[in-house]
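Chain residues, written in single-letter form:
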Amino acid sequence: MIKRDFLVIGAGIAGLSYAIKVASKWPKSKIMVLSKEGFDNSNTQYAQGGIAGVLPCSNDQVNKHVEDTMIAGDHKNDKEIVEMVVSEASESIDDLINWGVDFDKNNKGKYDLGLEGGHSKNRVLHHKDFTGKEIQDKLLRQAENLSNIELLHHNFALELINNKSNNRVIGAYIYNAESEKVETVVSKIVFIATGGIGQVYKITTNPNVATGDGIALAYRIGANVEGMELVQFHPTALFGDIGDRAFLISEAVRGAGAILRNENGEAYMEKYDVRKDLAPRDIVARANLNEIRNSTIPYVYLDVTHIQDNGFEKHFPVIFAKCKELGLNLKKDYIPVAPAAHYLCGGISVNKKGKSSLNGMYACGECSSTGLHGTNRLASNSLLEAVVYANQSYKNTLNEFDNIEFEVDVDDFWHPVINKNISLDLPLKELRKKLQWLMSSYMAVEKSDESINTMAKEVEKISSNFEKLIHSKAYTIKSLEFRNLLSISQLIVEHSKERKSNSGVFFNKDL
Ligand code: SIN
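Residues numbered from 1 in each chain as written. Predicted model: local features only at pLDDT ≥ 70, side-chain atom pairs only at ≥ 80, totals over all residues. Heavy atoms only, no water.

**Observations regarding the site of the ligand**
Thought 1: Near the ligand you find Gln48, Gly49, His234, Leu248, Ser250, Glu251, Arg281, His342, Arg377, Ala379 and Ser380, and these make up its full shell.
Thought 2: Between an oxygen atom of the ligand and a side-chain N or O atom of His342, the distance comes to 2.7 Å.
Thought 3: The fraction of the free accessible surface of the ligand (260 Å²) that becomes covered by protein chains is 95%.
Thought 4: For the shell around the ligand, the class distribution of residues is two nonpolar, six polar and three charged. (Near = heavy atom within 4 Å. Polar contact = N/O pair within 3.5 Å; in protein donor to acceptor, adjacent residues only side chain to side chain. Areas by Shrake-Rupley, 256 points an atom, 1.4 Å probe, with all protein chains shown as cover. Nonpolar A, V, L, I, M, F, W, Y, C, P; charged D, E, K, R; others polar.)

Here you go:
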């Protein structure tokens with residue numbers, strides 16, 4: 001049995017920010033941070049646009065950011081939470097800057113604040129079009145310099161361990177792919193920061209690791225999970241041969257003046273919203289879907305031809321290079337784009353301090369549901385939420401850490417048996433592809449009563465096929481990941497059935 005003061009599951013902006021804070025505060029404590037693959041594969045890593053925040057030096061106002069967040073979230077947000085997150089943005093952004101994150105500045109030496117959909121002001125700090133990578137690299141470097149943080153890659157959390165008598169999470173079973181052993185880790189605090197769920201869909205901007213593990217694990221031991229029907233689709237993922245993840249064309253590109261056009265070259269967004277191309281994401285995604293349905297091609301176009309002379313390549317080097325690789329000349333060619341699953345607005349319910357419904361367990365970042373986003377997240381509020389809530393959780397840890405004792409009575413718990421040698425690769429790949437395809441067909445931007453009910457039956461069928469496949473009860477890492485994907489799909493379906501009115505990203509045409 002391994003004892004650690006803190007067990008942080010997930011190593012994106014949420015997990016690393018919290019780990020750095022607690023490690024600096026308690027230099028004698030031991031912090032274990034797990035990444036199920038490498039540290040360069042998280043949702044944070046792929047964030048392009050940036051982090052929204054009202055800085056003291058800008059001519060912006062906190063109440064404007066609050067209002068924009070509430071409008072985007074269809075006023076279903078928790079206003080107290082919105083006010084708290086938006087007011088703390090500047091302090092949390094300062095933390096990132098102090099940890100070495102470099103946000104772009106203009107030629108006057110001031111932060112170059114970008115504009116994105118739903119924002120009434122330019123307030124997005126960014127590092128070209130790879131802000132997430134910049135943040136991930138710098139936080140990782142900071143964590144590596146703290147000797148009490150143990151960064152473990154290729155370590156997969158199989159199950160959380162809880163003590164039912166006091167409703168407390170006391171650790172986790174971890175499979176170490178290098179030693180090929182399952183370790184029992186007990187910990188005073190368990191911090192879940194496993195990111196998104198995009199891989200339940202065929203077309204997603206999320207990397208292949210975004211399988212909702214933390215949510216599935218927490219749900220299995222009884223944590224409250226909410227808002228799973230609130231899956232946000234990004235309106236402008238690059239259309240084409242996508243592999244595991246669709247390449248994103250950042251909303252910041254529309255902030256810089258790009259225009260959506262249909263197959264006939266018409267700029268259509270004014271038909272849908274007075275804010276045109278910079279309307280909130282749910283509106284633009286539905287508009288794109290509608291235009292695609294009324295055309296002969298499975299995509300719409302993003303026109304950036306008129307903004308090529310304004311430093312496009314310098315500002316968006318990754319997007320420019322990707323388009324060039326595909327043979328697009330952005331001075332004359334439009335970029336083919338379509339909606340793709342992007343972000344979960346719900347997740348593990350947490351209070352204002354980041355605490356889940358189970359003692360000893362925090363959840364932070366995309367896997368958590370704080371009330372900030374309402375039914376549709378405002379662009380670039382996700383990195384902000386993660387870093388502010390890592391700080392909220394840290395502040396609450398200050399109150400409780402010294403009074404928590406290790407609980408080590410874990411002998412009776414079950415965990416899955418891993419057998420590396422059984423090969424389930426092919427049938428599993430087929431099941432995963434089928435699940436993703438069905439979710440994209442029935443549970444995407446627009447749903448209906450029928451599509452939800454059909455998906456409910458399909459998930460049951462896939463689950464029973466999966467059970468048959470695993471009849472020996474010896475699992476592989478990929479099969480356990482798939483088990484999590486199944487739980488997430490079931491939750492999305494169940495919560496979609498329960499929702500009785502449309503709002504934000506949720507649209508059932510029969511309501
Ligand atoms: C984007 O760059 O468009 C994505 C940023 C976000 O999801 O907020």
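**A closer look at the sheet that holds strand β13 (residues 335-344)**
Thought 1: Strand order in the open sheet formed by four strands is β10-β13-β12-β11, with antiparallel pairing between adjacent strands. Edge positions in the sheet fall to β10 (231-238) and β11 (259-261), since each has one partner strand and no second. In this sheet, adjacent strand axes meet at a mean angle of 45° when their direction is disregarded. (Pairing = 2+ DSSP bridges. Helix = DSSP H or I, 4+ residues; strand = E, 2+ residues; numbered from the N terminus. Axes fitted to C-alpha atoms, helices over the stretch in contact; angles between N-to-C directions.)

**Looking at the pattern of salt bridges**
Should the charged atoms of two oppositely charged side chains come close, the side chains can pair.
Thought 1: Under the criterion given, the structure shown has 30 salt bridges.
Thought 2: Of the charged contacts in the structure, one is a salt bridge between Glu159 and Arg220, with a shortest N-O distance of 3.3 Å. Highlighted residues: Glu159 in strand β6 (residues 155-163) and Arg220 in helix α6 (residues 213-220), separated in sequence by 61 residues.
Thought 3: You can call Arg220 partly exposed: its relative accessible area is 30%. (Salt bridge = Lys/Arg side-chain N within 4 Å of Asp/Glu carboxyl O. Buried < 20%, exposed > 50% of the residue type's maximum accessible area, 1.4 Å probe, protein only.)

**Things to note about the environment of Glu263**
Thought 1: Within the fold, Glu263 resides in the loop between β11 and α8 (269-272).
Thought 2: Separated by 38 residues in the primary sequence, Glu263 and Tyr301 place their C-alpha atoms 7.3 Å from one another.
Thought 3: Dropping the residues within four chain positions of it, Glu263 is found in contact with Asn294, Ser295, Thr296, Ile297 and Tyr301. (Contact = heavy atoms within 4.5 Å.)

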